[in-house]
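Here is what each chain is made of, one letter per residue.
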Amino acid sequence: MKRPTLLLLAICALAIAACKKVIQVDLNSVAPQIVIEGEVTNGPAPYFVRISKTVDFSASNDYPPVTDAVVLLTDTTNGISDSMVEASPGLYKSIEVGGVPHHTYRLDVTIEGKQYTALSTMPERVKLDSVTFAQNIGFDNKLEINAVAGFQDPPGIADYYQLSETVNSRLIPDIFVLEDRLSDGRYIRYPLYNDSAYFAPGDTLRLTMNCIDRNIYNYFFQLMNVAGNNNFQSATPTNPATNIKGGALGYFSAHTTEKVDIIVY
């Protein structure tokens, strides 16, 4: 998994300042930070939490896993808890807790005596009704194809969505999030604009739509702005507002998920 360094935002700021004076930046002495990435869905268990550490700017993008952590997942609505087991280095698995809309989930992680906690409430499921395609001829006379997700937004409540695309079993590294602030209760047709080189007629597309809570929307919205909508896989290109308390980076999300498989046309 390839992740830009945590210094990205600072470097951009320093680059702007460098127009006025020369600044020397030490890129090789960043203290490693814990990164926690976990989710609970309305699908069947197991659910996973991945824990790793960041590395210095000059190091490779192989982020070392954090082993021997104590990880507890709790459905605070019904009181069921599960001590997650380490399925592989840095990857922790839960099979006892079930994902239910409107339930709130708590993640507790202890690493070398330091504690990290996160809460997330699973929204109501919204059905992904359809996936169609919009075709255009670009400036270079090449065919541009973009998927369009169609779904009915429930009226009267704030809803937040996250979408992703997998083409021929390869995840497209773009971030797509939206809120219903201007489309509450309407039928939404949401185009996923990206590099059309990803698509060709006859490809197999899996479009995934997650209904997420507001904290997770804010996290990925900030991530999208920083990454330029080109890094869905990266949890930490800088420091978007995480819902994890204790000083870790990353996120913990309880969300519903819908998937549609379709041939690109």
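Note that this is a predicted model, so its numbers are computed, not measured.

With that out of the way, let us pick up the nonpolar core. With 26 residues, the main nonpolar core has Phe151, Leu163, Phe199 and Leu205 as its most contacted residues. Elements that contribute at least two residues to this core include exactly β9 (128–137), β10 (143–152), β11 (160–167), β13 (176–179), β14 (187–192), β15 (204–212) and β17 (249–263). Filtering out sequence-adjacent residues up to four positions away, leucine 163 remains in contact with Ala149, Phe176, Leu178, Tyr190, Leu192, Leu207, Thr208 and Met209.

Looking now at the sheet that holds strand β8 (residues 114–121). Strand order in the open sheet formed by five strands is β4-β3-β7-β8-β16, with antiparallel pairing between adjacent strands. Every other strand in the sheet has two partners, leaving β4 (80–83) and β16 (244–245) as the edge strands with one partner each. Of the strand pairs in this sheet, strand β7 (residues 104–111) and β8 are connected by eight bridges, and their pairing is antiparallel. The residue of β8 that forms the bridge with threonine 104 is threonine 121.

With respect to the element layout, alanine 134 can be found in strand β9. Distance in space between the C-alpha atoms of alanine 134 and tyrosine 193 is 9.8 Å, their sequence separation being 59 residues. Ignoring sequence-local partners within four residues, the contact set of alanine 134 consists of Glu144, Ile145, Asn146 and Val148.

With that out of the way, let us pick up the packing of aromatic side chains. Throughout the structure, instances matching the rule amount to eight aromatic pairs. When the centroid spacing of 4.7 Å and the interplanar angle of 50° are considered together, the rings of phenylalanine 151 and tyrosine 161 count as tilted. With phenylalanine 151 in strand β10 and tyrosine 161 in strand β11, this residue pair connects regions lying ten residues apart in the sequence. As far as the burial class goes, phenylalanine 151 and tyrosine 161 line up, both buried. Ring centres of tyrosine 219 and phenylalanine 220 lie 5.2 Å apart, and the angle between their planes is 80°; this geometry places the pair in the edge-to-face category. Judged by relative accessible area, tyrosine 219 falls into the buried class, the value being 1%. A relative accessible area of 3% places phenylalanine 220 in the buried class.

In this section: the confidence of the model for the chain. Here the chain averages 86 in pLDDT, while 82% of its residues score no lower than 70. Note that pLDDT drops below 50 for residues 1–28; the model gives that stretch 47 contacts with residues more than four away or on any other chain. Taken as a whole, residues 232–237 scores under 50 in pLDDT and shows 33 contacts with residues more than four places along the chain or in a different chain.

The element β11 is extensively covered by neighbouring structure, given that seven of its eight residues are classed as buried. With four bridges connecting them, β11 and β13 associate as antiparallel partners. Each residue of the ladder has a partner; that of tyrosine 160, found in β13, is glutamate 179. Pairing of β11 with β15 involves eight bridges; the strand directions are antiparallel. Counted as the bridge partner of glutamine 162 is asparagine 210 from β15. Both β11 and strand β12 (residues 170–171) contribute to a ladder of two bridges, which runs antiparallel. Looking at β12, one finds that valine 167 is bridged to arginine 170. As consecutive antiparallel partners, β11 and β12 are separated by two residues, and within that stretch asparagine 168 has a phi angle of approximately 50°, a positive value.

What follows covers the environment of isoleucine 34. Tracing the sequence through the fold places isoleucine 34 in strand β1 (residues 34–41). Setting aside chain neighbours within four positions, we find isoleucine 34 in contact with Ile51, Ser52, Lys53, Val66, Ile111, Tyr116, Ala248 and Leu249.

It is worth spelling out unusual backbone geometry at this point. For the bond from alanine 45 to proline 46, the omega torsion is 15°, close enough to zero to count as cis. Position of proline 46 relative to the elements: it lies in the loop between β1 and β2 (47–53).

The subject of this paragraph is the sheet that holds β10. The three strands lie next to each other as β9-β10-β14, forming an open sheet whose pairing is antiparallel. Because the sheet does not close on itself, it has two edges, and the strands there are β9 and β14. Each strand axis lies, on average, 25° off the axis of its neighbour in the sheet, ignoring direction.

Attention shifts here to the pairing of β9. Sheet topology note: the β9/β10 ladder contains nine bridges and is antiparallel. For alanine 134, the partnering residue across the bridge sits in β10 and is asparagine 146. Connecting β9 to the next strand, β10, in antiparallel fashion are five residues, including asparagine 141 with a positive phi near 65°.

Conventions we followed
- Residues numbered from 1 in each chain as written.
- Predicted model: local features only at pLDDT ≥ 70, side-chain atom pairs only at ≥ 80, totals over all residues.
- Heavy atoms only, no water.
- Core = buried A, V, L, I, M, F, W, Y, C linked by side-chain atoms within 4.5 Å.
- Buried < 20%, exposed > 50% of the residue type's maximum accessible area, 1.4 Å probe, protein only.
- Helix = DSSP H or I, 4+ residues; strand = E, 2+ residues; numbered from the N terminus.
- Contact = heavy atoms within 4.5 Å.
- Pairing = 2+ DSSP bridges.
- Phe/Tyr/Trp six-rings, centres within 6.5 Å; stacked < 30°, edge-to-face > 60°.
- pLDDT = per-residue confidence, 0-100.
- Axes fitted to C-alpha atoms, helices over the stretch in contact; angles between N-to-C directions.

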